[in-house]
Each structure stands twice: as structure tokens, then as C-alpha cells.
Amino acid sequence: MSESNTLSVATHVGDDVQRVDDTAKLTGGAMYASDLVFAGMLHAQVKKSPHARAKIVAINTSKAENLPGVHAVLTGKELDYRIGLYVVDKDILAKGAVRHFGEAVAAVAAESLDIASRAVDLIDVEYEVLPPVLSQLDALDESSPLVHPDLGSYDYVKASFSPQPGTNIPNITKIRKGDIDAGFAEAKWIIEREYTNPSVQHVPLETHVAIVEWKAADEVTIWSSAQSPFTLRDLFCRAFKLPYNKVRVIIPHVGGAFGGKAGIHLEPLLACLSRKAGGRPVKFQATREEEFSLLPCRSALTYRIKTGVGADGRITAQKLLMYWDAGAYADYAVNVTRASAYSAAGPYDIPNAWVDAYTIYTNKPWGTAYRGFGHVEFFWGLERHMELVAQVIGMDPLEFRKKNLLKPGSTTLTGERINEHTGNPLKCLEAAAKAINYGRLTPEEEERQARTGRRIGKGIATLHKAPAMPSFTTTAAVIKMNSDGSVVVNIALTEIGQGTATVVTQMAADRLRFPVSRVKVAVERDTDKDPFDWQTVASKGLLLTGNAVIAACDDLLRQAYSDAAQVLRAQTADLDHDAERIFVKQRPEESVTFAALSIGYVYPNGNGIGGPLIGLGRYTAQGLTSLDKETGQGLPALDWTYGAHGVIAEVDPDTGEYKVIKIASAFDVGKVINPGTMRGQCIGGMIQGLGTAECESYIYDDQGRLLNPSLTDNKILTAKDLPEEIECIAVETPQLDGPFGARGVGEHPMISVAPALANAIHDATGAELTHMPVRFEDVWRAIHNKQPIDTWVTKAPADS
Amino acid sequence: MWMSVEVNGHIYEREVTEHWTLLRFLREDLELTGTKDGCSAGECGACTVMLNGQAVNACMVLAAEVDGATVETIEAEAANGELSEIQAAFARNYGVQCGYCTAGMVMSVRELLRHNPKPTVAEIKEGIEGNLCRCTGYQQIIEAVLDVSGQVTNETKGGLKYV
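Residues numbered from 1 in each chain as written. Chains lettered and ligands numbered in written order. Predicted model: local features only at pLDDT ≥ 70, side-chain atom pairs only at ≥ 80, totals over all residues. Heavy atoms only, no water.

**Structural notes on the environment of Thr-48 of chain B**
Residues and elements named next belong to chain B. To keep things clear, this is the line we draw: A run of DSSP states H or I qualifies as a helix once it reaches four residues; a run of E qualifies as a strand once it reaches two. Both are numbered from the N-terminal end. Think of it in three bands: with a 1.4 Å probe and only protein chains considered, a residue is buried below 20% of the maximum accessible area for its type, exposed above 50%, and partly exposed in between. Any two residues having at least one pair of non-hydrogen atoms within 4.5 Å are treated as being in contact. Throughout this description, a polar contact denotes any pair of N or O atoms lying within 3.5 Å of each other; where both atoms belong to protein, one of them has to be capable of donating a hydrogen while the other can accept it, and for residues adjacent in sequence the pair is counted only when both atoms sit in side chains.
Here Thr-48 shows up in strand β3 (residues 48-51). For Thr-48, a relative accessible area of 6% puts it in the buried group. Sequence separation of Thr-48 and Glu-143 is 95 residues, and the distance between their C-alpha atoms is 20 Å. With residues near it in sequence (within four places) discarded, Thr-48 still touches Ala-55, Val-56, Asn-57, Ala-103, Gly-104, Met-107, Ser-108 and Asn-131. Reaching out from Thr-48, the side chain makes a polar contact with the backbone oxygen of Gly-45 at a distance of 2.5 Å. In this structure the side chain of Thr-48 is engaged in a polar contact, spanning 3.4 Å, whose partner is the side chain of Asn-131.

This is how it looks when you write it as C-alpha cells:
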């Protein structure tokens, strides 16, 4: 009972325990929000803007209102609420102006989907179309139209963000470390270049869906595919100024989320429709097309990196300028900006650094959280840059990285000192490099190259990420014993496919010394019944919820020992337990079963003592601080998970066509809780990363209209697109405050896949790729229109 | 129109709306919600069901077309509460994450194995190509198919490596 979280006896932790949710999902029995139907339920449809920027001159809803079967029609005019995560800048329906293609301008609730669709078609909207702001760099120009002229009047989270009224900038994050000028003065080489990413879509197989009923006396119930029930409730109650105990959020099974279902989306609109329709439940599920522009995407990024390198290959200074395209609303983009800024140099020791990271409004669908939270985007530039810098200074890219990696004693951009327990980026990098035989071609690869006429190249890339979350992020778990000695765990961390329910089952079973069959993690999340959790995001669930679950198990055991001590006429110090019973250490035959204690112990004469065994565990991120607004110094990171990818690619130098032969990736997860689910998370992320690397991208016309909102025109990878070989490697440097030594790895597998691929293509062909995605035609262009490398070296040794 | 269709061994007689798809008929009329709607456009495969013994995207078939036909959905895959061999192999090999593509994926694997009891990795990839999965990266699903077709070898057996 007194072991540390790291040292618990493990019998299930570390094993391939089968997923606890697979039978329900394999038999079609798992219920998702899209499967739910309620008596009296109405169906909503949304009228969307065909323009990226326009004034709304008039909306005529009378024909829609008169259509039989329509119960509510809404426009922005009658909705006096504003929502926003960090900067409160979004109306529930556009008011007076539309700011992006696909924005909701009116909505209908009707008795069937067909009637709702017809009603939406009957709504007439008159627009005065205006020229849109489409490039985030143009939006910085003083002459640019303002996407939000009222930015100065919006509420925002003052501890973390810095909106600039009168501009298109809802946030700037600055990091200052060391002396940037002295660092560049010390450099032998200075290399500066720009890298870009487009917006992409999360593409969960289940699109966003919610059902909301707003009954008399403001009793609101929300069923949603959202990731984070408590944050959804928080934002909802703030927008409508409702007491929190009036609003209940229920999350059934979720069909994939990837960050796109964090925060709040359709729920406020459906709530207003329900209220107007007399409290009937109103359901809406986005079509695949709506998923691309009525709902948010991942922000585009332009990343300018200027690196000074000394004669010994050590980086002396780095100036890092990030221009994040928020789209029409600040949503998560301001926090993506912040989290990316403090991570911006990657797992490298940079003595002198300067980061200016801008979030910029444009007239495009807005960006939100997406697996990696900015890191997929900026690591594209960073790890391409490391490759290109190594080339300029004439050092092997692996050696250049190793020379500059963080190691015990290094400090991060925000001044955090790394120690031997933080994790081991070097071991990850070496494992990934070894797995692809980095630096040479094997005889088989030589033979393959000769046979096919295609060039084989190898590339590596590193990564790191810490959870991006408030410094005081907190969570709780409740564990309740049933009268047969089995337990049910209640947490608000949602199961979105990542395997949370399974690993929590394993950790609880081990902490209690029970078999996993005696532990159930409740499926549905319910803010009226479950203990608080901030959100299901940021790869923070395993560490925070894991620690809370361990504390809850200990609390339950404490109660059980206390009751058993009374029954057995012993002191708790005299007792020990196994899966079935608590016994006196010296005389194990003197014992009482957990089942007998579970809901209160009953003596033979009928007297009862004790009561239901219910353990409560809480955990709060330890020691984190806000960042200084001028220097960015502070402690933002609960834990750093390091990783690295190795990619072998085969490229046709004539056409630019390529194929990934192998991807091998290593992550320092502290402790593997479940090898099968960890490998699943990793491969899933690696392939999602390859998809955004190879082909995914939003494409707009010059009026800001999205041209490819479908899975036909915005492809994601299929099984046929997989690499020939996929290898997933675990490094285990225990996290001292992690449950069983573990840290999160949910997002990390997707980060830096793209630069590892591009580095392999570069190795094969010399193609200097700087833009994502890397389509075949981009490789061809890079091979044939290559600019000489010295156009972006601004300082080099005289003799070089 | 009035029609009769056998679904999972039961005969259903129903008036169907002409423009409704088989997917909508299954989910909304018969309340068989195990079959999922991921795109309504034949692109994602989440709604794959067996129609007269052949896998189809239920969103691409009109309900009216299945008059007199036999349809099987994921709800009929497990018998007497026991997972089918395909389902059990998915479970053993971590072929399920969020679960939204799973029903369609299982149907496509059934179709593949019906024609080809021992598919190669390339044939498995071809067989599930029409089923998008955003969570798993497909690898553990491919391993599940190798497993259920009795083809797991040291070379094809997946596993996490440790250094």
C-alpha cells in the first residue's frame, strides 16, 4: 500500500491485454452519438455561406418557417451569445458578416432530415461580397482588411495570450533565451530559410454529431461526439450564463477525434434550436463535406528559421518566426501558437534563441487542435532545416543532430533543466537510424536500385512534445466496489480509440492486485456522474488519469484495510491482501474477503459496519507555471516524450514518383503499459503523418472557396498506400512522476514523419523540399527547378 | 414502395421511401445501427454490408433495389454471443481502435476470405483498400487477416520492439 506510483508490482502492466472495448465495437453493439434517437427528436440543417468574406444584407426565412414540419428557424440576429476557448470571438450563427466559406448563417430544426434540408433551401440570404484575406502574411500588412474589427473588445485569457487590437493578430507568443546577437556573431555559418504547411482535415471516420435538448427551467442535456465533456460544459455555461448544474454532457463511444472534437462546436446552435422548438431534442450530424468547412481544420503555417552554427557544428543561435493561419476564428490556434513557440527548436540544445510566433486571422475555415498541436507543422520546417544546414556545413545529418541534442544538464527554450529522467532523445534517434541501416545501402537495396532504376534514400527526423495545457490542469478518478468484489472506474477521460479504457483497466487491476476481469472502466462519460477532468487532449491522459486512478485504488484499499482491521481485530499495519481477501500477515488464515467488505461488513448477528468502498483519487500537474509574456521563461511542460523516425524511400528521378519502403519509429514512453495498444497508437499516427506528408491539403480558389471538401479530392491513405515495412520501437526511461513510470505517446507518432520522408527523398535525389505535402509533382519540381543552396546561406566561412 | 427483404435471417416487409439508401433503411428503419455512415458517397467503406452474399457500400444502393434480396450486417457476424473467427482475430491483433470503420472492415475481410482463404499481404491490402481507417494505420488489421487465415509466421507476426 505504500509503493510509489513507479514501483507498483506489475502483473498486467506491460502485457498485451486485449482491448476492453473491442467486443462492443466488433459486434456493432457500441453506441455512438450518431446512433442515438430520442422520442420527439428533431433534425437540424444549416444554411452555409458560399462566400469567404461578405456582408449579410438580409436573410429571409419566412418560406422556411411556413414549411410544414419545421419547428424552429434561427439566424444570428436573435442569438446574443459569443463563444470562444481563449479569445471569445465567435457568434453561434454569423451576425452581419461572414468570415469564411462554409460558415453557418441560418439553421432549421424539423421533423425529418428531408424537411430540414428543404427548409434550408428556402432561406434566402442576400450578401454584399467583399474581397477576402486569404494569406496570413498579407493579413499582417497594415492595409489589409480586418477579419475582426472588434478584436479589442473581445474577452480573452489574459495569463496566456496577447491579442493586438486594430490588427489581424489574436495572439503573439515570444520566447527569449540567451543573447541572440552574440550567438549569431559567434557563428561560422548562418542559414535562413522558409518552410510552409497547408491546412489539413482530421478526417475522423465519424463526423461531428450532437443532440441537444433545452427543456423548461433551463434543464439542458447534450449528447455529443466531443472529446472533452467538462470543457464543453464549461464553454457552454459561460456562453449562456447558465449554472453548471443545469447542463449535463454525455459522451457515448466516439468514432475518432484527433483534436478536431476538442472544445465546443455544434452544441450551442442545437441548444438554441431546441429551446425555440419547445425543448424537443435536436440532432445534427455533419456531412463529410460539412466536416471540411462548417467544422474546423488544422492551421496552415509559414515557418522562417535562421540558424547560426559554430565551426564545431554546434548551433550557436536560432531565430524562429512562426506565422500561424488561424482562419476566421482564434479557437485553438492561439494556443497552438503558444505551445509551438515554447517547443519551437525541437529536442536540441540552443543556447541563444528568439521566437516570435504570430496567430493571424484570415477568411478561411478556422484551425483547431489536431494531433500534435502545432508540432507536426513546425517540425516539418525544423527537421528539413536541420537536414539542409547539415548539408551546408558538410556534416552528416545524423551526426549534426546528435551533436546538438538535448542531454542531461541542457536547458529548453523556456529555461527548464533536462535531467536523466526526462527521457532519452539520443536513444530514440539511434534506434530509428539503426532500424533503417542509416547512412548506407544494404546489398539488397543496391540490387533493388540496380533492378528498378529508382534511387533509394534514407532519412531521419527527431521530435518532442509536452502536453499543451494549463499549468494547473487537474483530473480525478472514482473507483466503486460492487458486492462481488469487482470494481467500476469512473473517469471523464473519453475513449476516442486511443485505448484509455484498456490501460486504465490494467493500471487499476495492478494497483489493486486484482485480475483485469474484475475491473470495468465505464464506457459513457457523463458530467453529472463522473469526476472532473479538464480535457481528453495533449497526450496527457495516461499520466494524469493514471496517477488519479492509482490514488483512487489506494483510497479504496485504505478504506477496506480500515474496515478489515476492525473485523480481524488487528491494526492496518498487520494486514496484507491478495486478489480475494485482506488477511493478517502473520496468520493468513485470519482473513476477510473484499466481497464481504464491499458494501459494508455484516457480522453474524446482523450488525453492520463500514459501508460501500468508494475510492477517490485526484491528480494535478505538479510545479508548472505560466510563461513570462516578454521572455517566455517558465515551466510549461509536465513531461516530454521524445521520439525519432527513420524512413527508406524509393524515388523515380525522372518522374518524381516515390514509394516508402520502410518507416521505423522509436518513442521514449517511460514504460509501455500495453504493447499492443501502444503499437496501434504509433502505427496509426505514423500513417496519419504519412498521409499529411504525401497528399493531404486544403485547396482554395482565389475567392477563398474550398475546392476539395471530400474524400475523393482530399485523399487519406488506404491500406494499399502503406510502406512495405513498419517498425515500432519502445524506449523506456521511466518518468518519475508517471504512473508505473509511463508518459503519453498519443500525438507523437504523427510528428516529424513528413520531414523524415522528405529527408529520405532528398537523400535519394537531392530534392530540396520545403513545402508540404510532398506530392510526386512537388518532388519532380524540386529535382528539376532546384535553387542553388547558397541563396539561403547568409554567412559562411571565407574558405568554405 | 412496398418491399420484402431478408436481413440477418429475418424477413422484413416495409414501405420504403424511394430515395432512401440501403444504409438509411438499415439504420433508421430497421434500427440496425452497427453499420456506420462515414461519407454517404461510397468513398469510405464504413457502411459495407453483404448483399446477396457480396460486399457492397450500403450508401450506394437504394433500399428499393433490395426487394427480395438477402442482406447481412455486422449484427449477424457473431453467433450465440461468440465472436466469429474474423472478429476474434481483430480483437487478438488490436485491429480495433475507435471502432467506427470496424463493421465495414469486418465485412470486407469476410468478402476477401470467401474468395481467397489464404490471401497474401498484397491481396489483403487490395481487399480492404475501399475501407478507410484513420486510427489503426491498417497494419494490425492486416495482421488480423493473416492470423485468421492461418498465415502468421515469425516474419508476418507484428510486435512492439524494445531497445
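**Observations concerning the interface of chain A and chain B**
For interface size, the figure often reported is the accessible area lost on association. Using the following cut-off: Note on terms: buried area is the combined drop in 1.4 Å-probe accessible area of two parts once they are placed together, counting the loss on both. By definition, a salt bridge exists where a carboxyl oxygen of Asp or Glu is found within 4 Å of a side-chain nitrogen of Lys or Arg. Classification used: nonpolar for Ala, Val, Leu, Ile, Met, Phe, Trp, Tyr, Cys and Pro, charged for Asp, Glu, Lys and Arg, polar for all others including Gly.
Listed by partner, the interface residues are 67 residues for chain A and 51 residues for chain B. Carbon and sulfur atoms supply 57% of the area buried between chain A and chain B, which totals about 4,700 Å² over both sides. Taken as a group, Leu-26, Leu-205 and Arg-679 of chain A account for 18% of the area that chain A buries against chain B, more than any other trio of residues on that side. The interface formed by chain A and chain B contains seven salt bridges. Counting across the chain A and chain B interface gives 30 residue pairs in polar contact (both at pLDDT 80 or more). Sorting the residues of the side of chain A that touches chain B by element identifies α1 (22-26), α3 (113-121), α11 (425-435), α16 (675-694) and β31 (725-731) of chain A as the ones contributing at least two each. By residue number, the principal contributor to the side of chain A that touches chain B is α16 of chain A, which donates 11 residues. Class assignment for the residues of the side of chain A that touches chain B results in 29 nonpolar, 23 polar and 15 charged.

**Quick look at helix α10 (residues 397-404) of chain A**
Structurally, the α-helix is built with 3.6 residues per turn, so residues lying three or four positions apart point the same way. Residue and element names in this part refer to chain A. What counts, and what does not: The directions considered for the arc run from the helix axis to the C-beta atoms.
Taken together, the buried positions of α10 are occupied by Pro-397, Leu-398, Phe-400, Arg-401 and Asn-404. With its buried residues spanning 165° around the axis, α10 presents them on a single face. In this fold, the buried residues of α10 make contact with β15 (300-309), β16 (315-327), α9 (375-393), α11, β18 (455-465) and α17 (753-765). Where α10 begins, the capping side chain belongs to Asp-396, and its oxygen is found 2.8 Å from the backbone nitrogen of Leu-398.

**Here's the deal with the domain arrangement of chain B**
Residues and elements named next belong to chain B. Inclusion rule: Source of the domain bounds: an automatic or database domain assignment.
Each domain of chain B was delimited in the assignment, giving domain 1 (2-76) and domain 2 (85-148). Placing the centre of domain 1 and that of domain 2 at their C-alpha centroids yields a distance of 21 Å. Contacts between the two partners involve 17 residues from domain 1, matched on the other side by 13 residues from domain 2. Summing both partners gives a buried area of about 1,200 Å² for domain 1 against domain 2, and 56% of it is carried by carbon and sulfur. Considering only the side of domain 1, the residues that lose the most area to domain 2 are Thr-48, Met-50 and Ile-74, jointly responsible for 36% of the buried surface there. The interface formed by domain 1 and domain 2 holds one salt bridge in total.

**Focus on α11 of chain A**
All names here are of chain A. Listing the buried residues of α11 in full gives Pro-425, Cys-428, Leu-429, Ala-431, Ala-432, Ala-433 and Ala-435. Looking at the buried residues of α11, the elements they touch are α10, β18, β29 (641-651), β30 (658-668) and β31. A distance of 3.2 Å separates the backbone nitrogen of Leu-426 from a side-chain oxygen at the start of α11, and that oxygen is part of Asn-424. Downstream of α11 by one or two residues, Asn-437 has phi in the positive range, about 50°.

**Quick notes on the nonpolar core**
Going by this rule: Put simply, a nonpolar core is a bunch of buried Ala, Val, Leu, Ile, Met, Phe, Trp, Tyr and Cys residues held in one set by side-chain atoms that sit within 4.5 Å of each other.
Core analysis: the largest hydrophobic core is formed by 268 residues, its most contacted members being Phe-236, Leu-273 and Ile-761 of chain A together with Phe-90 of chain B. Counting residues per element, this core draws most heavily on helix α14 (residues 541-567) of chain A, which supplies 14 residues. Once residues within four sequence positions are removed from consideration, Ile-761 of chain A is found in contact with Ala-649, Val-651, Tyr-658, Gly-766, Ala-767, Leu-769, Val-774 and Val-779 of chain A. Counting 22 residues, the second largest nonpolar core, distinct from the first, contains Met-3, Leu-26, Ala-58 and Val-61 of chain B.

**Points about empty space enclosed by the protein**
Over the atoms, a rolled probe matching the size of one water molecule traces out where space is still vacant. Residues and elements named next belong to chain A. What counts here: Whether a set of points on the 1 Å grid over the protein atoms alone is a cavity depends on a 1.4 Å probe fitting there but being unable to get out, while an open set qualifies as a pocket with protein on both sides within 12 Å along at least five of seven lines; lining residues are those with an atom within 4 Å of a point. Grid points are joined across faces, edges and corners, and a volume is the space filled by probe spheres set on the points.
Enumeration over the complete set of coordinates arrives at 13 cavities of 30 Å³ or more. Size it by volume and the largest cavity reaches roughly 750 Å³. In terms of lining, the largest cavity is formed by 49 residues, of which the most central are Gln-498, Ser-539, Gln-681, Gly-746 and Glu-747. Listing elements by their share of the lining of the largest cavity, those giving two or more residues are α13 (500-512), α14 and α16. A class-by-class count of the residues in the lining of the largest cavity yields 23 nonpolar, 21 polar and five charged. Estimates place the volume of the second largest cavity at around 270 Å³. Along its surface, the second largest cavity is lined by 21 residues, and Ile-83, Lys-90, Ile-264, His-265 and Trp-366 are the ones closest to its centre. Elements with a minimum of two residues in the lining of the second largest cavity: β5 (90-91) and α6 (267-276). For the lining of the second largest cavity, the residue count by class is 12 nonpolar, four polar and five charged.

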